[in-house]
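Examination of the molecular architecture
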Amino acid sequence: MATCRFIHSADIHLDSPMRGLSDDAPDTARRLRLATREALTHLVDAAIERGVDFLLIAGDLYDGDWRDYQTGVFFVAQMQRLATAGIPVYLIHGNHDAQNHMTRALKLPDNVHVFSAESAETKTVAGLDVALHGMSYAERAVTDNLVPGYPAPKPGCFNIGLLHTALGGRDGHANYAPCTLAELTAKGYDYWALGHVHGAEVLAREPHVVFCGNLQGRSVRETGAKQAFEVVVEEGRVVEMTPIHCDVARWAVTDIDISAAEDFNDVLAVMRQALAAEAAEADGRLLAIRLRLTGQTALHEALLADPERLLAEARTSAAGTGSAEIYVEAVRLACQPTAHAGDRAEREDALGELARLLESAADDDDVQSMVAADIRPLIERLPHDIRADVDDALLAAAIEGDTATLVRGASRYLLARLSQAPGNA
């Protein structure tokens, strides 16, 4: 029976454009944009250092068509390093690098095998009793169950299936190549190397069904450590699985309760504490973080009125932690005012009159129709990825056509700015 050592990786998304980066930190933004390349380099380093027998990539090696040939040139160079070390590579294409989606190509080294997009096929690893079964995506959106078309397990071999699938649906992932866990475990394979879902998860053992997750987080929606798995097989059984953390930057989202803060300096102090704690968990890597201020506070209006200062102060605090490099991607207000929301509307001055006018506008059908007519063309111009993956409440309201929520949110911001002006306290 087979004895071998291999690495299961997926969702490398080479040269993926990182989201949530601003131009006011160009050096950090450049490091993050190159992070997927550096993560792949670390993966190849690990394969060579550990002397694995082969490397698997279960789809989405690329993030789509290349902007130029340098993406492909970089990948070929890394595969050539593995070829020199005598390590073969077996990969399938997924939805992001489907056959019909890629218009550029370079000749790959002979040690790289790309599974066909026409039908599932089997490859036997030379010198090992290991049979690999896989199929690439022919189209970006594969809605058929591919598992029934995979070949039967090869007798006397350790059988591995490579599949890019949402396995019936996972939050945040399109349900491509749908199938069930029962179908996978019944296939007769010893290990399913899955891709597409960006969180690592061992779904079953004996046989093993494994999502390794993506190799490098690309936004605050992909937080925490990212990895590939080193898998050790002895006498036809998986005896060890070890995560290999190849990521060079870690994304995080942390909630900070500012209920006890009495002034802006208190807010900065608790932000610094939170940043230092998160940096300690990043294992020396660049930390890209979003802060969410929570709790009930009398400072709500002051914070809402000056978001630029809040972000600038957070980034200054990050620079002063003295620990790992920290990039504050954003500061979000999830806190609530201590005063009743209707108190301002009870004022008898101009600000109170404006508050009452704005509140009535939020419930006015004519106002909502005008806002919708102005906003809709702008929303339609947003890239699909932004519209499908949004976490800002007001932008979500605009996308969903909830103009009442949009008007109320804009009103709160306007009134907060006005109330902070001299003479309006």
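First, a word on what this report is: a plain description of the structure on this page. Please read these numbers as outputs of a predicted model, since none were measured by experiment. (Residues numbered from 1 in each chain as written. Predicted model: local features only at pLDDT ≥ 70, side-chain atom pairs only at ≥ 80, totals over all residues. Heavy atoms only, no water.)

Glancing now at the sheet that holds strand 10 (residues 208-211). Paired through backbone hydrogen bonds, the strands of a sheet run either parallel or antiparallel to each other. On the basis of which strands lie adjacent, the open sheet formed by six strands has the order 5-6-7-8-10-9 and mixed pairing. The outermost strands of the open sheet, each flanked by one partner alone, are strand 5 (121-124) and strand 9 (201-204). Neighbour to neighbour, the strand axes of the sheet diverge by 20° on average, direction disregarded. Bridge count for strand 6 (residues 130-134) against strand 7 (residues 158-164) is five bridges, and the pairing is parallel. Within the sheet, the bridge partner assigned to histidine 133 lies in strand 7 and is glycine 161. (Pairing = 2+ DSSP bridges. Helix = DSSP H or I, 4+ residues; strand = E, 2+ residues; numbered from the N terminus. Axes fitted to C-alpha atoms, helices over the stretch in contact; angles between N-to-C directions.)

Time to look at the pairing of strand 13 (residues 249-257). Pairing of strand 13 with strand 14 (residues 286-294) involves nine bridges; the strand directions are parallel. For aspartate 255, the partnering residue across the bridge sits in strand 14 and is arginine 292. Of the crossover connections in this fold, the one passing from strand 13 over helix 5 (residues 264-280) to the parallel strand 14 is right-handed. (Right-handed = clockwise from strand over helix to strand, strands pointing away.)

The next thing to look at is the packing of aromatic side chains. Per the stated rule, a full pass over the model turns up eight aromatic pairs. Note on phenylalanine 6 and phenylalanine 54: the rings are 5.1 Å apart at their centroids and 5° apart in plane angle, and the pair reads as stacked. Pair noted here: phenylalanine 6 is in strand 1 (residues 4-9) and phenylalanine 54 is in strand 2 (residues 54-58), with a separation of 48 residues, a long-range link. Judged by relative accessible area, which is 0%, phenylalanine 54 ranks as buried. In textbook terms, an aromatic cluster arises when at least three aromatic residues are bridged by ring pairs, as seen for Phe6, Phe54, Tyr90 and Tyr191. Over the aromatic face of tyrosine 69 sits the side chain of arginine 104, whose NZ or CZ is 5.9 Å from the ring centroid. (Phe/Tyr/Trp six-rings, centres within 6.5 Å; stacked < 30°, edge-to-face > 60°. Buried < 20%, exposed > 50% of the residue type's maximum accessible area, 1.4 Å probe, protein only. Lys NZ or Arg CZ within 6 Å of the ring centre and 35° of its normal.)

The next thing to look at is the packing of helix 2 (residues 35-50) against helix 3 (residues 70-84). Viewed as axis vectors pointing N to C, helix 2 and helix 3 meet at an angle of 10°, and their least axial separation amounts to 9 Å. When the axes of helix 2 and helix 3 are compared, the pair comes out roughly parallel. Listed contacts from helix 3 to Arg37, Leu40, Thr41, Val44, Asp45, Ala47 and Ile48 of helix 2 are Gln70, Thr71, Phe74, Phe75, Gln78, Met79, Arg81 and Leu82. For the contact of helix 2 with helix 3, the per-class residue count stands at eight nonpolar, four polar and three charged. (Parallel < 35°, antiparallel > 145°, perpendicular 65-115°, else oblique. Contact = heavy atoms within 4.5 Å. Nonpolar A, V, L, I, M, F, W, Y, C, P; charged D, E, K, R; others polar.)

Between its terminal C-alpha atoms helix 5 stretches 25 Å, which fits the 24 Å expected from 17 residues at 1.5 Å a residue. All of the buried residues in helix 5 are Phe264, Val267, Leu268, Met271, Ala274, Leu275 and Ala279. All buried residues of helix 5 project into a common sector of 130° when viewed along the axis, lining one side. In this structure, helix 5 carries Asn265, Gln273 and Ala280 as exposed residues pointing more than 90 degrees from its buried face. Turning to helix 5, the residues buried within the fold contact strand 13, strand 14, helix 6 (300-305), helix 7 (307-319) and strand 16 (326-333). (Expected span 1.5 Å × (residues − 1). Arc of directions from axis to C-beta.)

Taking strand neighbours across the sheet as the criterion, the three strands line up as 13-14-16 in an open arrangement whose pairing is parallel. Two strands close off the open sheet at either side, each with one partner strand: strand 13 and strand 16. Averaged over all pairs of adjacent strands, the angle between strand axes in this sheet comes to 20°, irrespective of strand direction. On top of the sheet, helix 1 (residues 26-33) reaches strand 13, strand 14 and strand 16; it is set at about 110° to strand 14, its chief contact.

This paragraph deals with the nonpolar core. Judged by nonpolar contacts, the single largest core of 28 residues is most densely connected at Ile7, Ile12, Leu40, Leu43, Ile57, Phe75 and Leu82. Of the residues forming this core, the biggest block, six residues, is contributed by helix 2. (Core = buried A, V, L, I, M, F, W, Y, C linked by side-chain atoms within 4.5 Å.)

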